[in-house]
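# Results of the structural survey
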Amino acid sequence: MEKTDIKWWQQAVVYQIYPRSFQDTNHDGIGDLKGIEQHLDYVKELGADVIWLNPIYDSPNKDNGYDISDYEAINPEFGSMQDFEDLLAAAHERGLKIVMDLVVNHTSDQHQWFIESRSNQENGKRDFYIWRDPVDGHEPNNWGSFFSGPAWKFDEATGQYYLHLFAEGQPDLNWQNEAVRDAVFGMMNRWVDKGIDGFRMDVISLISKPEGLPDGQVPEGGTYGNSNDAVANGPHVHEYLQEMRQRVLNNADLMTVGEASNVDIENAKRYSNLNGQELNMVFQFEHMELDENPNPALGKWYDQRVPLPLLKENLTKWQEELANQAWNSLYWSNHDQPRIVSRYGASQGEERVLSAKMLGTLLHFMQGTPYIYQGEEIGMTNAYNLDWDDFDDIEIKNARKYLVDQDHLIDADTLLRYVHYKGRDNARTPMQWNQEENAGFTTGQPWLKLNDNYDEVNVAAALADKDSIFYHYQKLIKLRHELPIITTGRYELIDPHDDAVYTYKRVGDDEELLVINNFNDETLVREYELPDNASLLISNYDDDQGKTLRPFESKVYRYQK
Ligand code: ISL
Ligand code: CA
């Protein structure tokens with residue numbers, strides 16, 4: 001990769017904000033746009049270039065904003081369109097870009113299109129969604145929803161089923177209908193005209209459904225067919241994205257990232273090809289799905305860590321195979337994933353701090369565009385203090401309803417253990433700003449219980465400590481901005497079979513970086529060949545003990561070849 005070819009979004013670092021949990025300013029316990037504006041300087045201080053906002057559009061919140069009832073109105077809980085315009089202007093003043101969530105695989109069942117669509121079979125909007133007659137009095141096929149239970153809902157009034165790959169309140173749009181594409185692209189262009197800087201596209205790999213909607217495979221012991229496998233990367237998805245590129249994305253210098261459930265290398269090369277026909281990059285899921293339950297009927301619900309060699313093999317595959325052809329996104333966390341220190345590091349004490357820095361270093365020295373999820377930069381952990389009555393997430397609630405109560409696949413205590421390891425609410429507890437009541441998030445009643453460790457884990461404490469995780473991330477971002485080799489260098493894995501240490505190189509024309517990361521909470525000895533001119537670029541300890549690697553030690557050397 002030539003240095004001159006670098007695009008701005010390849011050298012950028014993205015900070016993801018989950019507005020509901022970031023900062024409340026009007027005491028209703030719900031984060032809002034004004035709260036985000038208040039903290040723009042914080043994001044700037046960290047050094048990120050781009051903010052990705054989770055959905056802020058009008059929504060009945062069956063799935064926290066991923067069920068949109070009006071794409072062109074702001075959810076009043078978050079503020080007004082004026083607040084949004086103010087936020088965008090304030091961000092731009094600081095040189096920060098804003099990328100919006102685009103949720104167009106489905107709408108809310110409260111969206112005007114669906115209200116019309118379900119009104120009767122002859123309605124002009126009927127074909128905006130995916131309606132089918134019952135087959136032998138049953139669902140049209142065996143697909144299960146991503147949130148457990150069936151993917152079809154029978155509509156008594158019109159005698160047909162509609163498809164919802166996610167919650168019942170999230171009917172799938174029919175992308176085969178040209179009028180749907182016109183409506184979506186028109187809406188996107190109006191946001192582009194407002195001056196936004198890009199889109200993160202929700203489950204974009206699912207928009208093209210397979211011809212004839214064939215049954216999915218039912219896992220052993222399971223009840224429903226796998227709709228993800230049946231639908232992902234459908235027959236027209238690339239065609240639709242190329243059309244979107246022509247009709248919307250080429251109208252401005254945007255950053256685009258497709259959330260691509262079930263995407264493999266070959267598909268990713270098409271979605272995010274450097275030829276610029278579709279998207280800039282995708283969020284692939286393979287490294288997030290290594291710790292799924294061996295019983296496929298239980299899907300993601302599990303509590304066992306991944307052996308390190310498997311993680312390396314996977315991340316390495318993506319680094320090697322996309323190089324010079326497509327572009328990677330790099331992420332450890334988001335609003336759907338548990339906290340990364342609780343997954344690959346430690347949740348408590350000094351080890352929490354060390355492991356957060358180690359994990360940050362490992363990710364940020366790879367090739368791709370890194371995403372930091374709010375709170376990751378202070379090492380926020382899973383919320384082990386939340387119990388059944390505290391959860392809000394529909395995925396967690398449905399897992400309880402279907403996997404425990406209806407299908408008896410698992411007992412409630414085991415599921416709770418899995419939820420504490422994997423549940424989405426681990427990421428969604430309010431941002432921890434300081435030691436004050438509700439961590440400074442709200443003076444009202446927070447919409448979701450806080451993690452009870454905010455006394456220790458909070459932004460104020462991080463900013464006051466020069467050795468904090470925050471400043472480590474700040475340094476990682478700065479290095480990415482300053483050293484093109486982090487963007488362009490070739491990746492090379494050093495220790496594929498080592499089950500405790502993950503070491504890789506970035507190879508440039510005349511220099512190299514050696515990135516060493518100890519995943520163990522024990523001291524180990526490992527020896528690497530280093531030229532005499534090697535200097536330590538960043539580390540999470542204040543001295544270098546050569547071949548001795550202390551718990552979660554992470555260090556990067558830079559040297560001339
Ligand atoms: O969250 C997941 C695993 O825990 C995924 O299955 C997730 O549902 C999937 O990646 C799609 O996620 C996106 O679309 C969903 C929404 O609930 C998620 O928050 C969003 O990121 C439906 O819009
Ligand atoms: Ca509020």
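Everything that follows concerns the structure shown earlier in this document.
I will try to describe carefully the structure that is included in this document. Note that the structure is predicted; figures quoted are calculated from it, not measured.

### Comments concerning the coordination of the calcium ion (ligand 2)
Only Asp 24 (OD), Asn 26 (OD1), Asp 28 (OD), Ile 30 (O) and Asp 32 (OD) from the protein coordinate the calcium ion (ligand 2), and they sit 2.2 to 2.3 Å from it. Ordering the donors of the calcium ion (ligand 2) by residue number gives the pattern D-x1-N-x1-D-x1-I-x1-D.

### Some points on the sheet that holds strand S10 (residues 255-259)
The strand order across the open sheet built from 8 strands is S11-S10-S9-S5-S2-S1-S13-S12, with neighbouring strands paired in parallel fashion. Two strands bound the open sheet, and with one partner strand each, they are strand S11 (281-283) and strand S12 (329-331). On average, each strand axis in the sheet is tilted by 25 degrees relative to the strand beside it, whichever way the strands run.

### Examining the site of ligand 1
By nearness alone, 18 residues border ligand 1, and Asp 63, Asp 202, Lys 300, His 335 and Asp 336 come closest of all. Contact distances for ligand 1 include 2.9 Å between an oxygen atom and a side-chain N or O atom of His 106. Here Arg 200 contributes a side-chain N or O atom positioned 3.0 Å from an oxygen atom of ligand 1. For ligand 1, the protein covers 93% of the area, taking 490 Å² as the surface of the free molecule.

### Some details on the nonpolar core
Within the largest apolar cluster, 153 residues are counted, with the highest numbers of intra-cluster contacts made by Met 188 and Phe 365. In this structure Met 188 touches Leu 102, Phe 199, Met 201, Met 244, Val 248 and Leu 249, once residues within four positions along its chain are discounted. Core analysis: the next-biggest nonpolar cluster, separate from the first, contains 16 residues, Ala 151, Phe 166, Ala 167 and Ile 394 among them.

### Quick look at empty space enclosed by the protein
For the coordinates displayed, the defined rule picks out 5 cavities of 30 Å³ or more. For the largest cavity, the calculated volume is near 90 Å³. Along its surface, the largest cavity is lined by Gln 284, His 287, Leu 315, Trp 318, Gln 319, Asn 328, Ser 329, Leu 330, Tyr 331, Leu 363 and Met 366. Contributions of two or more residues to the lining of the largest cavity are made by helix H10 (308-322) and S12.

Calculation rules
Residues numbered from 1 in each chain as written. Chains lettered and ligands numbered in written order. Predicted model: local features only at pLDDT ≥ 70, side-chain atom pairs only at ≥ 80, totals over all residues. Heavy atoms only, no water. Donors = N, O, S within 2.8 Å, 3.2 Å for Na, K, Ca; no water. Pairing = 2+ DSSP bridges. Helix = DSSP H or I, 4+ residues; strand = E, 2+ residues; numbered from the N terminus. Axes fitted to C-alpha atoms, helices over the stretch in contact; angles between N-to-C directions. Near = heavy atom within 4 Å. Polar contact = N/O pair within 3.5 Å; in protein donor to acceptor, adjacent residues only side chain to side chain. Areas by Shrake-Rupley, 256 points an atom, 1.4 Å probe, with all protein chains shown as cover. Core = buried A, V, L, I, M, F, W, Y, C linked by side-chain atoms within 4.5 Å. Buried < 20%, exposed > 50% of the residue type's maximum accessible area, 1.4 Å probe, protein only. Contact = heavy atoms within 4.5 Å. 1 Å grid on protein atoms, 1.4 Å probe; cavity = no way out; pocket = protein on both sides within 12 Å on 5 of 7 lines; lining within 4 Å. Points joined across faces, edges and corners; volume = space filled by probe spheres on them.

No statement about biological role is implied by the geometric values presented.
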